[in-house]
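Chain residues, written in single-letter form:
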Amino acid sequence: MNRTPQGTVAILVAESAGPLPFAEAAFCRRLCRIGERQGLTVYVFCLGWIASGNAAGIPGYTYEHETWVRKWFPRPDIIYDRALTHDRKQQLRKHRLLARLTAEHPFVYLARGLAGKWAVYQALLQCPEAAAHLPETALYQGQAQLDEWLQAHDGEAFLKPRNGTHGKRTLHVKWDPPRGEVKIMGRSGRNTIFRRRFPTKQAGLEWVDRFTGRRPFLIQPYLQLNNSDGEPFDVRVLMQKNAKGEWSLTGMAVRVGRKDSLTSNLHGGGTAHPARPFLIRALGELGGKAAEAAIRKLSLLIPAYLETRFGRLAELGLDFGVDRQGSVWVLEVNSKPGRSSFLRIGDPETARRSLENPIGYARYLLLSKP
């Protein structure tokens with residue numbers, strides 16, 4: 001291995017109350033090992049630790065000699081941001097602390113985050129090839145809008161938080177006109193499944209309004225994204241830039257939820273499966289291969305397009321739904337994707353590449369610096 005680019009890569013993660021004071025320890029451990037092999041100093045830090053930095057650098061952790069070691073590190077050349085911020089107050093604090101850091105030692109973001117589900121949806125609407133695969137989406141505006149939506153969409157609606165993750169607080173609202181009742185299935189903020197039934201439409205609409213509170217939600221048609229056994233599933237594709245700075249499709253896996261579940265997220269108890277065999281079982285030989293080809297084509301198109309709108313990116317998790325007719329839908333685009341799907345389907349090669357690519361791309365950026 002050519003060890004020319006001596007540089008420092010810092011992984012920014014959330015603080016944790018576990019045995020280690022930071023999140024994603026297993027993931028970070030692997031990145032530290034890969035960085036060492038590629039001649040880079042890789043360490044882990046959290047936002048709050050910047051404030052305790054001094055002339056010697058900032059405190060952080062790295063993995064060496066089979067153990068985590070806490071010490072002072074030089075300010076980073078590259079930051080790999082894995083810390084999710086869910087509210088404006090957190091985002092402002094993050095911006096302030098990172099601005100302070102870059103004033104002391106200018107760094108490069110491995111990737112900038114995306115601007116949220118609604119902004120990504122609006123951007124992709126401008127891309128004709130992707131727009132055809134987007135479910136109709138609107139910002140939830142209250143009871144009157146939901147009432148109109150149910151009447152226009154066969155009595156069904158799907159709601160999800162504009163800034164949510166892991167399928168939490170998602171709702172499937174179903175109105176039965178002959179009976180006048182409304183049935184709701186959803187996931188709580190703790191990701192547990194619940195069901196509610198209301199004798200009148202008005203009672204259901206009022207409950208949904210209370211459930212959403214002041215949080216921004218999106219409303220979409222309810223798509224039949226399940227297999228013949230009634231299990232919901234989606235296809236997760238991991239797109240990453242490689243050591244040459246080029247986009248490549250790292251892996252593809254199907255995530256399957258329980259029959260009684262609304263979503264297929266692994267955090268909600270789902271399972272992972274290799275994509276092609278699953279799609280062929282669900283849609284037949286021709287349908288399965290056609291869906292896979294459509295997903296592959298969209299996956300190679302979307303990242304480069306989003307870079308023209310949001311700036312340089314390094315990796316994206318793309319989630320696709322496939323309905324009973326074999327139509328492919330773009331469900332989510334995540335700029336801080338997980339990798340557990342590939343570990344769970346027993347694909348060590350993809351799992352290895354998913355870890356090596358961010359460090360390889362960081363090395364590419366260091367070599368490319370003027």
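Residues numbered from 1 in each chain as written. Predicted model: local features only at pLDDT ≥ 70, side-chain atom pairs only at ≥ 80, totals over all residues. Heavy atoms only, no water.

### Notes on the sheet that holds strand 15 (residues 271-274)
- Spatially, the five strands line up as an open sheet ordered 15-14-13-16-17, and their pairing is antiparallel. With partners counted over all chains shown, the strands left at the sheet margins are strand 15 and strand 17 (328-334), one partner each. Taken pair by pair, the neighbouring strands of this sheet meet at an average axis angle of 30°, ignoring direction.
- In the packing of helix 8 (residues 275-310) onto the sheet, contacts are made with strand 13 (233-241), strand 14 (247-256), strand 15, strand 16 (315-322) and strand 17, and the angle to strand 14 comes to roughly 140°. (Pairing = 2+ DSSP bridges. Helix = DSSP H or I, 4+ residues; strand = E, 2+ residues; numbered from the N terminus. Axes fitted to C-alpha atoms, helices over the stretch in contact; angles between N-to-C directions. Contact = heavy atoms within 4.5 Å.)

### Here we look at the pairing of strand 10 (residues 181-187)
- Counting buried residues along strand 10, six of its seven residues qualify, which places the element largely inside the surrounding structure.
- Relative to strand 10, strand 9 (residues 171-176) runs antiparallel, the two sharing six bridges. Within strand 10, the residue paired with Lys174 across the bridge is Lys183.
- In this structure, the hairpin formed by strand 9 and strand 10 is closed by a connection of four residues, where Gly180 is found at a positive phi of approximately 80°. (Buried < 20%, exposed > 50% of the residue type's maximum accessible area, 1.4 Å probe, protein only.)

### Points about the side chain of Asn242
- Its place among the elements puts Asn242 in the loop between strand 13 and strand 14.
- Overall, the relative accessible area of 17% leaves Asn242 in the buried class.
- Side-chain polar atoms of Asn242 contact the backbone nitrogen of Lys244, separated by 2.9 Å.
- Dropping the residues within four chain positions of it, Asn242 is found in contact with Ser248, Asn357, Gly360 and Tyr361. (Polar contact = N/O pair within 3.5 Å; in protein donor to acceptor, adjacent residues only side chain to side chain.)

### Points about the pattern of salt bridges
- With the rule as written, the count across this model stands at 24 salt bridges.
- A salt bridge links Lys201 to Asp147; the shortest N-O distance between them is 2.5 Å. Placement of the pair is Lys201 in helix 7 (residues 201-212) and Asp147 in helix 6 (residues 143-152), with a sequence separation of 54 residues.
- Given a relative accessible area of 15%, Lys201 falls into the buried group.
- Note that Lys289 and Glu285 form a salt bridge whose closest N and O atoms lie 2.8 Å from each other. One end of the pair is Lys289 and the other is Glu285, both in helix 8 and four residues apart, which spans about a single turn.
- Looking at Lys289, the relative accessible area reads 38%, which means it is partly exposed.
- Residue Glu285 is classed as partly exposed on the basis of its relative accessible area, which comes to 46%. (Salt bridge = Lys/Arg side-chain N within 4 Å of Asp/Glu carboxyl O.)

### As for the packing of aromatic side chains
- Considering all chains together, one arrives at 16 aromatic pairs under this definition.
- On the basis of an interplanar angle of 50° and a centroid distance of 6.3 Å, the ring pair of Tyr43 and Phe45 is categorised as tilted.
- In this structure Tyr43 comes out as buried when scored by relative accessible area, which is 0%.
- Phe45 sits in the buried class, given a relative accessible area of 0%.
- When the centroid spacing of 6.4 Å and the interplanar angle of 65° are considered together, the rings of Phe211 and Phe217 count as edge-to-face.
- The structure contains a cluster of three or more aromatic residues connected by ring pairs, namely Phe22, Trp49, Tyr61, Tyr63 and Trp68.
- The positively charged end of Arg29 is found above the aromatic ring belonging to Tyr63, 5.9 Å away from the centroid.
- Over the ring of Trp175 we find Lys201; its NZ or CZ atom is 3.8 Å from the centre of that ring. (Phe/Tyr/Trp six-rings, centres within 6.5 Å; stacked < 30°, edge-to-face > 60°. Lys NZ or Arg CZ within 6 Å of the ring centre and 35° of its normal.)

### Section: the sheet that holds strand 10
- Spatial strand order, 7-12-8-9-10-11: six strands in an open sheet with antiparallel pairing. Here the strands that pair on one side only, and so sit at the sheet edges, are strand 7 (138-139) and strand 11 (193-198).
- Relative to strand 12 (residues 217-220), strand 8 (residues 156-161) runs antiparallel, the two sharing four bridges. Across the sheet, residue Phe158 finds its bridge partner in strand 12, namely Gln220.

### Considering the nonpolar core
- Grouped together as the largest cluster of nonpolar side chains are 43 residues, with contacts concentrated most on Phe45 and Leu98.
- The greatest single-element share of this core, amounting to six residues, is contributed by helix 10 (residues 348-368).
- When residues no more than four places from it in sequence are discounted, the contact partners of Leu98 are Leu12, Leu47, Ile50, Ile79, Phe107 and Tyr109.
- Of all hydrophobic cores here, the second largest spans 34 residues; its members include Leu124, Leu218, Phe233 and Met239. (Core = buried A, V, L, I, M, F, W, Y, C linked by side-chain atoms within 4.5 Å.)

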